[in-house]
Amino acid sequence: MKLPWRALLCWPLCVGASAAKGSALATEWSTIRDTSKMDTADDRNGDGRPDAWTLTNRAVAWSVADQNFDGQPDEFRCTRSGREAAKQDRNFDGAIDSYTVGRPKHPERATLDVNFDGSFDTWLYYQQDELLFMINGDAATRQITGWTMYDPASRQPFLLAALAPTHNPSTIRTVKIEGRGEIDLLAGTDKPAAIQEEARQKQLIEFIKAEQPFARHPNEDFNACAR
Ligand SMILES: [Ca+2]
Ligand SMILES: [Ca+2]
Ligand SMILES: [Ca+2]
């Protein structure tokens, strides 16, 4: 598969936006949090209580939803100039555990707290609606533990890496390749394959260095849209 490295390396940086600060953002967010200030309110489950709201009379279009119908909004979508930043509380514990950015219904990047422990642990990158790349780690300790590359055609993982205990991407210990088992790069048990995969891993490492998943909180994208 020919990898679109140039695009892969460019777009997460191109998409990135600076954090917004100040009272304008605070005002916008308080408006969204107070659903009584929204333009529309729908009752999707017919229980007599609104559970989906929109606010569109400004440069930013807002969509808020209460997906488990408990009265507490748990999904917030901000759209500006055809791009969307969304955040969700997927287990309804009151803490945001999912951030996505991209075009509406077409995520390009997602940051998740998969185990709901309050620390983001999974970074997903999409291209043309297909999952392309996943980084696993822990935002609290700022350690990357591994990554997976997906083949867009088969949607199967074809390149996985688990890092050595140092969690230093330059000291990859193990590479698993779909259909070909596991290669220990340091031991060099399969030299030609190891060299080939090592080159590809180096490209992935460059991508991770450029992306720096821990360098910025995913809420920055949301704030940039809301400002
Ligand atoms: Ca309802
Ligand atoms: Ca809810
Ligand atoms: Ca949550």
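Residues numbered from 1 in each chain as written. Chains lettered and ligands numbered in written order. Predicted model: local features only at pLDDT ≥ 70, side-chain atom pairs only at ≥ 80, totals over all residues.

**Observations regarding the overall build of the protein chain**
- A tally of helices and strands in the protein chain yields 4 helices and 13 strands.
- Pairs at least 24 apart in sequence give 28% of the contacts found in the protein chain among residues at least 6 apart. (Helix = DSSP H or I, 4+ residues; strand = E, 2+ residues; numbered from the N terminus. Contact = placed C-beta atoms within 7 Å.)

**Re the environment of P213**
- Considering the arrangement of structural elements, one finds P213 in the loop between α3 (191-211) and α4 (219-226).
- Along the sequence, P213 and G137 sit 76 residues apart, while their C-alpha atoms lie 9.1 Å from each other.
- With residues near it in sequence (within four places) discarded, P213 still touches W123, I135 and G137.

**What about the confidence of the model for the protein chain?**
- Per-residue pLDDT for the protein chain averages 76, and the proportion of residues at 70 or more is 67%.
- Across residues 1-22, where pLDDT falls below 50, the model places 27 contacts with residues more than four positions away in sequence or in other chains. (pLDDT = per-residue confidence, 0-100.)

**A look at the pairing of strand β8 (residues 122-127)**
- As judged from the 4 bridges shared by strand β7 (residues 106-112) and β8, these two strands associate in the antiparallel manner. Residue pairing for β8: R109 is matched across the bridge by Y125.
- As defined by bridge partners, β8 adjoins strand β9 (residues 130-138) across 6 bridges and the pair is classed as antiparallel. Within β9, the position partnered with W123 by the bridge is I135.
- Between β8 and β9, which pair antiparallel one after the other, the connecting turn spans 2 residues, and Q128 there sits at a positive phi close to 50°. (Pairing = 2+ DSSP bridges.)

**Observations concerning unusual backbone geometry**
- The residue F116 is not glycine, and still its phi comes out positive at about 55°.
- Along the chain, F116 falls in the loop between β7 and β8.
- Classification of F116 by C-beta neighbours within 10 Å gives partly exposed; the count is 14.
- Backbone geometry places D129, a non-glycine residue, at a positive phi of 70°.
- Topologically, D129 is positioned in the loop between β8 and β9. (Buried ≥ 20, exposed ≤ 12 C-beta atoms within 10 Å, placed from the backbone.)

**Comments concerning the nonpolar core**
- Membership of the largest hydrophobic core comes to 13 residues, with the highest contact counts inside it found for V64, F76, C78, A85, F222 and C225.
- Among the secondary structure elements, those contributing two or more residues to this core are β3 (61-65), β4 (75-80), β5 (83-88), β6 (98-103) and α4.
- Sorting elements by how many residues they give to this core places α4 first, with 3 residues.
- Filtering out sequence-adjacent residues up to four positions away, V64 remains in contact with I32, T35, M38, W53, P73, E75 and F76.
- Grouped together as the second largest cluster of nonpolar side chains are 9 residues, W123, I135, I144 and M149 included. (Core = buried A, V, L, I, M, F, W, Y, C linked by C-beta atoms within 7 Å.)

**Some points on α4**
- Within α4, burial applies to D221, F222, C225 and A226. Buried positions in α4, seen along its axis, are confined to an arc of 130° and lie on one side of it. (Arc of directions from axis to C-beta.)

**Some remarks on the pairing of β4**
- The pairing of β3 with β4 spans 5 bridges and is antiparallel. The residue of β4 that forms the bridge with A65 is E75.
- Where β4 and β5 come together, 6 bridges link them in antiparallel fashion. Bridge pairing in β5 places C78 opposite A85.

**Some thoughts on the environment of F76**
- Position of F76 relative to the elements: it lies in strand β4.
- Exposure remark for F76: the 21 C-beta atoms within 10 Å place this residue in the buried category.
- Put simply, F76 and W62 are 14 residues apart on the chain and 7.4 Å apart in space, counted from C-alpha to C-alpha.

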